[in-house]
Amino acid sequence: MISTLKISAFIVPIILLFPAVNAAPWADLSQTELEQQLEQKFSEGKYSPKGADSCLMCHKRDQKVMALFQGVHGALDNSRSPMAGLQCEACHGPMGKHNRGGKEPMISFGAGSKLSSDSQNSVCLGCHNDPKQMAWHNSLHNLEQVACADCHQVHAAEDPMLNPLRINEACTSCHTRAKADMSKRSAHPLKWDRMTCIDCHNPHGSLTESALKQTSLNTTCYECHADKRGPVLWEHAPVVENCANCHKAHGSVNESLLKARVPQLCQQCHADDGHAARAVAQGGNSAFGAGKSCLNCHSQIHGSNHPAGSLLSR
Amino acid sequence: MRFPLNLLTMALLGLSGSAMAADFSVNRANTDKVNTSGFQCRQCQLAPGLSGEVTANAGYNDSDDIHSGNALGDGRDGMIASVDAELGYRSQGGYRSQLRAHDLGLDNGFVSLRTGRPGQYQLALDYRNLTRFENSDAATRLWHDKGLLQPSPNLRYLDLELERQQAGIGLSYDFGALASLGNLSSYVRYDREEKQGHRSASLITPRPVNFALPVDESNDKLRAGLQLSGHNWFTELAYQGSQYNNDINNLSLPYATDLYSATPDNQAHQLTLNGQYRLASTIFSGRIVAGRMLQDEGLIQMTGNPLQSWDGQVNTTDANLAVSTAVNSRLRLGGQLDYRKRDNDSSVAEFVQLELNPVSGAIRQNPLLDIERQSARLNASYRLAPGYRLQGGYEFKQVERSYGEREETRDHSLWAKLGMQLVSPLRLDLKASYGDRGGSRYQAGELTSSETNSLLRKYHLADRRRTAMEMGLQYTPLNWMTLDFNSHYALDDYRDTVIGLTESRDYGYDLNLSLQLSERLSAYGTAGQQWISSQQNGDQLTPWHSDIKDNFISLGAGLAYSGLLDERLTLGADYQFANSEGNTLTEGGAYDDYYSFNHSAELYGRYHLNDAMALKLTYRYERYFDTDGNEVGIDAVTGLTTLGVLNHNYNAHQLMLSFSYLLP
């Protein structure tokens, strides 16, 4: 799926609520000109004399601005909060002459900002420098120029990305195929927000493939399916190697998230002595194509601990 | 030819821009002239107190199938009640607490509490109830009692459902600056999950008999870590462990003991050391993980088993090294090397098999599956011009395995992606990739060399060419309208496979429309289709061919209207339709129906009685149908006993009245 961040269902309402962002006096500057001006301001370090009070002289009527103080980034009594240091200017850069008519640009964030995502994100990464963001720079989201503020909000009592009931909505606003998969015949309970995308994936990237939080795909599955972890006496090689050999984690038109129905799925690998490759002309006519099909007998398909269970049937 | 020239021109013109993206991190700020003693923020002081909303829900479910509980949150037919909460509490001194509950009291609900001083320490408490409903009328003549499946002439009807109850407690503590080393922080978290219910299983008596396997198991997880960070680096030492316990024993019939082995208890432990170092615009990240999975459950004692218990031990090693560098404001390069090893150090013995294996005979030694994997990834991202970005990458993966038909496979893949802001409202993304898998000579495995069909190629080991393309269009003609169109096509060609999966195609599209028609009225619509077709050959006495054609349709629409009746009333409606269908064609004919569909609808209205109280009425409707030609009556097929026809066909309704108390 092409997962470039789009102005999607999740983001449009935010833009509409704050049309002023698009109408900034520096809107006519090109991205390069804007970054150059802001870098100049940043290096000059002309901060305001009164911090947030200087900013709020003009911006206190903006509910979005004032919502900052409901959240942790607006806490005055926390030494780690931006408000305990340079306050608004910790993130938006030194005020300089911005307060003289509001024509000098400030660092801004989100879909309305002309700044590159790298420049926007440098503000956040300056403090959020920890193992959860370790693989950010090689991550899909970074390469796709996703800005932190495209998903996260600090001008709010709570960042919506900390609410498990809003995470899937945010992810699937771009990952639309994954959203459709949630409604297939079998799927993890993501559609109803009983699981979230970040139960398995780290949106900030990971050193594991597919931005998985655990060290491998199988280890990720074992987080909830520890009964499949083993080791067991008789292992089924493709199971041990990769759960995705047979299952589609995001959803399938087949039962049990399987890539194909049984017996066809099994027969894509097994043709031993004609037994496994028995042609089942029609489902429901024989034990090979009825009930649990191959699993009527080989029910311990994920591995067996029975001394006589080498055929995964006990 | 004009188009690429334009891109090139824009790219060259853009080189005169700044060399690197700006770095506005606060630790680079020039604070020489700043005096924060005057930073009071008198206008942003917040009074301590409680805020948020708490909601009591009471309603009625009308359903004759517990499966509806998946959509409606509760499988009961009748009265239901639950509590929701979104509460925040601030006290003086920077302490904050937050309580969140959703559908607490239903079969699927949760509550979580976070309290502490953000940035210093935080305590987390979580509880979640997660239930998966399958069937309410699984019919069986085997009654389970303490490991004995007692046959009965009478049918017993069981619910196939699994309920997970999860509870967790976590504590994080930030020690702050540690001498001159850096900032030290720590965390520890314990989680326990108990899972109970029944799931479908099957055993050989020696005839195959499907039965409802009781589930009663738990999983205890512990994770803890220490993190140390400096200006341009950090490192973490972390542990995570899991202990799985199964309280269901091996299963026996009165006339045959231990026919079905229970899933054994097991443990897994992982120790991780990771870190990152930043050198100007280059970032180095690395991770080393040592893991061990253990299982030493007592084995079933029987003739032909030489062991009391089996010492199962698998050691795992993972190592990763990643580098990413911003060469300039236009070009970013990245690369990663990965190593993963699964080393099975379990004990080995020879066991007599009850079924005669034509390959290995009646006695078989348990094989130890070892897997070693190396991979390398490279990527580059280049901004051609504002709105135009070209990306490309190469990935290589080599897997070596013991006891496989193919001891080594090697995957190479190349991909490229071009993102273009064609005109102001229209963005186009194109992606193409090509992959090729080969490897060592495909041969029958060491243990199965004499009998495996020599023409068979297992699809996860076989030579394969994978070609994939994707296209995304985003059209924003007006600031209140967005239309997204995404499509994909992928072809897997197993070029050397005669028996087995020979080809698989997956293609489809989805369309998403978002409308913010006014400040109060928003609407959306979605539509998508997907087709997955596979072709495979088998060989019993003569070769046969099978086509599998799966397809999927999803539709959705909804609207929300707020601000009615003097800003007091919000109305909303959502509808979703999904249809999953699988068609299997063999030379003997087509399989019976295999499809499912559902219509899901929700209507709601929320009315603010005053500033402190609100009422909400919600109606939800779920129409669900599924069928599977393989589902047959209990004794419909000679020699096979099933749990009956377990298809679904129901209409379910839920009416819920919610009363919310709003805190300032």
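A. Just the overall build of chain A, in detail. The number of helices and strands found in chain A is 13 helices and zero strands. Order of helices (α) and strands (β) in chain A, N terminus to C terminus: α-α-α-α-α-α-α-α-α-α-α-α-α. Computed over its C-alpha atoms, the radius of gyration of chain A comes to 27 Å, more than 25% above the 20 Å expected for a compact globule of 314 residues. Once the C-alpha set of chain A is aligned to its principal axes, its extents read approximately 85 × 35 × 30 Å. Split into buried and exposed, the 314 residues of chain A put 58% on the buried side. Considering only contacts in chain A between residues 6 or more positions apart, those separated by 24 or more positions represent 58%.

B. Broad picture of the overall build of chain B. Each helix and strand in chain B was counted, giving three helices and 31 strands. In terms of its C-alpha atoms, chain B occupies a principal-axis envelope of roughly 85 × 60 × 60 Å. The buried share of chain B, taken over its 664 residues, is 32%. Put simply, 57% of the contacts in chain B that link residues at least 6 apart link residues at least 24 apart.

C. Main features of the confidence of the model for chain A. All names here are of chain A. Averaged over chain A, the pLDDT score is 89; the fraction of residues at 70 or greater is 93%. The secondary-structure element of chain A with the lowest mean pLDDT is helix α1 (residues 12–17), recorded at 39, while helix α11 (residues 217–222) shows the highest, at 98. Long-range and interchain partners of residues 1–22, a stretch whose pLDDT sits below 50, account for 61 contacts in this model, where long-range means more than four residues apart.

D. Geometry of the domain arrangement of chain A. Domain assignment breaks chain A into domain 1 (12–151) and domain 2 (226–296). Placing a centre on the C-alpha atoms of domain 1 of chain A and another on those of domain 2 of chain A gives a separation of 53 Å.

E. Summary view of the confidence of the model for chain B. Residue and element names in this part refer to chain B. Here chain B averages 92 in pLDDT, while 95% of its residues score no lower than 70. Here residues 1–18 scores under 50 on pLDDT; set against residues more than four positions off or in separate chains, the count is 16 contacts. What the predictor reports for the complex is a pTM of 0.93 with an ipTM of 0.94.

F. Examining the environment of P49 of chain A more closely. In this fold, P49 of chain A is placed in the loop between α2 (31–44) and α3 (52–59). For the pair P49 of chain A and M95 of chain A, spaced 46 residues apart in the sequence, the C-alpha separation amounts to 9.5 Å. Once residues lying within four places of it in the same chain are set aside, the contact partners of P49 of chain A are S54 of chain A together with G38 of chain B.

G. Quick peek at helix α6 (residues 117–125) of chain A. Residues and elements named next belong to chain A. Burial runs high along α6: nine of the nine residues are buried. Every buried residue of α6 is accounted for by S117, D118, S119, Q120, N121, S122, V123, C124 and L125. The elements touched by buried residues of α6 are α2, α5 (88–92) and α8 (148–151).

H. Highlighting the pairing of strand β22 (residues 464–478) of chain B. Residues and elements named next belong to chain B. With 12 bridges connecting them, strand β21 (residues 426–439) and β22 associate as antiparallel partners. The residue bridging L428 from the neighbouring strand is L473, located in β22. Here β22 folds back onto strand β23 (residues 481–493), and the loop between the two strands holds two residues.

I. Up close: the pairing of β23 of chain B. Residue and element names in this part refer to chain B. Where β22 lies against β23, 12 bridges are found, and the strand directions are antiparallel. Paired with R466 across the two strands is D492, which belongs to β23. Strand direction decides the pairing type here: β23 and strand β24 (residues 500–516), joined by 13 bridges, are antiparallel. Counted as the bridge partner of N486 is D510 from β24.

J. Fine view of unusual backbone geometry. Residues and elements named next belong to chain A. In this chain, G230 is followed by P231 through a cis amide linkage whose omega measures 10°. The phi dihedral of Q145 falls on the positive side, at around 65°, and the residue is not glycine. Summarising the element assignment, Q145 is placed in the loop between α7 (140–143) and α8. Unusually for a residue other than glycine, S256 sits at a positive phi of about 55°. Tracing the sequence through the fold places S256 in the loop between α12 (237–241) and α13 (264–267). You can call S256 partly exposed: it has 13 C-beta atoms within 10 Å.

K. Just the environment of D216 of chain B, in detail. Topologically, D216 of chain B is positioned in strand β8 (residues 208–229). Those residues in contact with D216 of chain B that sit more than four places away from it in its chain are Q196, D247 and I248 of chain B.

L. Highlighting the environment of S514 of chain B. Residues and elements named next belong to chain B. Here S514 lies in strand β24. Look at S514 and you get buried, because 24 C-beta atoms sit within 10 Å. Residues S514 and Q166 lie 348 residues apart in sequence; the distance between their C-alpha atoms is 37 Å.

M. Looking closely at the nonpolar core. With 43 residues, the main nonpolar core has A52 and I107 of chain A as its most contacted residues. Of all the secondary structure elements, the ones that give two or more residues to this core are α2, α3, α5, α6, α8 and α9 (167–172) of chain A. Apart from residues no more than four positions distant in its own chain, I107 of chain A is found in contact with L38, C91, H92, G93, L115 and V123 of chain A together with F24 of chain B.

N. Spatial organisation of α2 of chain A. All names here are of chain A. Look at α2: 20 Å from first C-alpha to last across 14 residues, which is about the 20 Å you get at 1.5 Å a residue. The set of residues buried in α2 consists of L34, E35, L38, K41 and F42. Buried residues along α2 cover an arc of 125° about the axis, so they all sit on one side. Seen from the open side of α2, the exposed residues pointing more than 90 degrees away from its buried face are Q40 and S43. Structurally, α2 contributes buried residues whose contacts are with α6. G45 occupies a position one or two residues after α2 and carries a positive phi of about 65°.

Rules of the game
Residues numbered from 1 in each chain as written. Chains lettered and ligands numbered in written order. Predicted model: local features only at pLDDT ≥ 70, side-chain atom pairs only at ≥ 80, totals over all residues. Helix = DSSP H or I, 4+ residues; strand = E, 2+ residues; numbered from the N terminus. Rg over C-alpha atoms; globule rule 2.2 N^0.38 Å. Buried ≥ 20, exposed ≤ 12 C-beta atoms within 10 Å, placed from the backbone. Contact = placed C-beta atoms within 7 Å. pLDDT = per-residue confidence, 0-100. Domains from an automatic or database assignment. Pairing = 2+ DSSP bridges. Core = buried A, V, L, I, M, F, W, Y, C linked by C-beta atoms within 7 Å. Expected span 1.5 Å × (residues − 1). Arc of directions from axis to C-beta.

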